[in-house]
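Residue strings, one per chain:
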Amino acid sequence: MKNVLVLCTGNSCRSQMAHGYLNTLQNGLATIYSAGIETHGLNPGAVAIMGEDGIDITGHTSNHVDEYQGISWDYIITVCDHAKENCPFIPADHAQRIHHNFFDPSKVSGSEDEKHTAFLKARNEIREFCSNFVRNELQ
């Protein structure tokens, strides 16, 4: 079984959505973890938009990357530039490191419709990335 870490700044939004999709799509091929270089709690917009796609992430927790010391990583996926640039060293000699800077919907202000559209855009980009990752890396 492979170990996959999804890393973001606060482990509240983009990494949580990726965690949810990877858990759903990987079908027992890997253990999925998500963490941040900080912890901000679950973003309600991320929880809601994932629920619209039938994925419940309400049981997820916002974890700090230091909580996972000692795990032998096969993949470390950073989902924002800030995490990639500011992440503490993660000893993982054999891990494949993948980076994709996803749009941050939590930074959008405006009407509820505008915010919903932002979360929908990010969720759909993350779903496509996760589908490709599972197909190309885990199978």
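Residues numbered from 1 in each chain as written. Predicted model: local features only at pLDDT ≥ 70, side-chain atom pairs only at ≥ 80, totals over all residues. Heavy atoms only, no water.

J.: How should the confidence of the model for the protein be read in this particular structure?
T.: Model confidence for the protein is summarised by a mean pLDDT of 94, while 100% of its residues fall at 70 or above. Per-element averaging of pLDDT across the protein places helix α3 (residues 81-86) at the bottom with 82 and helix α2 (residues 44-52) at the top with 98. (pLDDT = per-residue confidence, 0-100. Helix = DSSP H or I, 4+ residues; strand = E, 2+ residues; numbered from the N terminus.)

J.: Mind showing me how you'd approach the state of the cysteines here?
T.: Among covalent bonds in proteins, the disulfide is the one between the sulfur atoms of two cysteines. This model, assessed by the stated rule, comprises 0 disulfides. Free cysteine Cys8: the closest other cysteine sulfur is in Cys80, separated by 3.6 Å. Look at Cys8 and you get buried, because its relative accessible area is 4%. (Disulfide = S-S within 2.5 Å. Buried < 20%, exposed > 50% of the residue type's maximum accessible area, 1.4 Å probe, protein only.)

J.: Please clarify how the side chain of His60 should be interpreted in this entry.
T.: Within the secondary structure layout, His60 lies in the loop between α2 and β3 (75-78). Within the structure, the side chain of His60 is placed 2.7 Å from the side chain of Gln16, a separation counted as a polar contact. In contact with His60, not counting residues within four places along its chain, are Gln16, His19, Gly20, Asn23 and Leu42. (Polar contact = N/O pair within 3.5 Å; in protein donor to acceptor, adjacent residues only side chain to side chain. Contact = heavy atoms within 4.5 Å.)

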